[in-house]
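Read off the chains here:
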Amino acid sequence: SSNIIEFVEQNIKLEGKVLNYGGGQGFLVKELLNNDNLDEVSACDYSNNSISILNDKFSKNSKFKYNVQLSELPSKLPSDSFDIVFFLETVEHLTDDELFSTLNEIRRVIKNNGYLICSTRNNEILEKNHIMCPDCGCVFHRVQHIRSFTSDSLSEIIGKVGFNTHFCNAVNLQSFKEKSYLNLIRKIKRSILNQVTEKNNLMFIGQMNK
């Protein structure tokens, strides 16, 4: 989570009111709440268990604003409310109908000129992670990915709901670790040895144009 925030801060100004669309276990929410530049941090998720976990962890934090369970769309989140929406490691799980209904929901809740941060695997070859059920013989992706994206295809799809691409490319998020003396030494060592690090993370930053 800290890697993603450091990456974002190198590309846009992280400030204002932020939504983590798909709050999960709250790892990103925790990092965002600790960021002094943010006024409010909100989350939403389809899982009732995730919502409960987020409430248990952060309900006493004055910066934690909304924690909404997504039972249907549009949700109870207010329209035109967020300066930045994080939508991480989710887009690859969605069917066409789910994808565009979700992107339109993000479009509804984000402010004009607000930023969407989206991440997924870069040009994933889905078949490499297929496994077979030993009972029924059904073949499926080990973590239920159903689609793969390149920088072009991700920009095109998100652009259809009104986001202008600010950044969309493959990155190595491990290079955006918190700055420390040890990490600096590691970077210098990789440079000297001319090691090539894999850019497995596809990161999109887009600005809403309503």
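On a predicted model such as this, the values are computed, not experimentally measured, just so you know. (Residues numbered from 1 in each chain as written. Predicted model: local features only at pLDDT ≥ 70, side-chain atom pairs only at ≥ 80, totals over all residues. Heavy atoms only, no water.)

(A) The nonpolar core, seen in detail. Membership of the largest hydrophobic core comes to 28 residues, with the highest contact counts inside it found for Phe87 and Phe163. Listed by contribution, the elements that provide at least two residues to this core are β1 (16-21), β4 (82-88), α4 (96-109), β5 (110-121), α5 (151-159), β8 (163-171) and β9 (201-208). Looking at which element gives the most residues to this core, the answer is α4, with 4 residues. The residues touching phenylalanine 87, leaving out its near neighbours within four places in the chain, are Tyr21, Leu94, Thr102, Leu103, Ile106, Leu116, Ile117, Cys118 and Ser119. Counting residues in hydrophobic clusters, the runner-up holds 26 residues, among them Ile4, Val18, Phe58 and Ile117. (Core = buried A, V, L, I, M, F, W, Y, C linked by side-chain atoms within 4.5 Å. Buried < 20%, exposed > 50% of the residue type's maximum accessible area, 1.4 Å probe, protein only. Helix = DSSP H or I, 4+ residues; strand = E, 2+ residues; numbered from the N terminus. Contact = heavy atoms within 4.5 Å.)

(B) Quick peek at the pattern of salt bridges. Scanning the model with the defined rule gives 5 salt bridges in all. For lysine 210, the salt bridge identified is with aspartate 80, shortest N-O distance 2.4 Å. Placement of lysine 210 in the segment after β9 and of aspartate 80 in the loop between β3 (64-69) and β4 is noted, with a sequence separation of 130 residues between them. With a closest N to O distance of 2.9 Å, arginine 147 and aspartate 96 form a salt bridge. One end of the pair, arginine 147, is in the loop between β7 (139-141) and α5; the other, aspartate 96, is in helix α4, with 51 residues separating them in the sequence. (Salt bridge = Lys/Arg side-chain N within 4 Å of Asp/Glu carboxyl O.)

(C) Here's a closer look at the pairing of β1. Among the 6 residues in β1, 5 count as buried, and that is most of the element. Across 6 bridges, the pairing between β1 and strand β2 (residues 38-45) is parallel. When the bridges of β2 are listed, asparagine 20 appears paired with alanine 43. In this fold, the crossover linking β1 to β2 by way of helix α2 (residues 27-33) has right-handed handedness. (Pairing = 2+ DSSP bridges. Right-handed = clockwise from strand over helix to strand, strands pointing away.)

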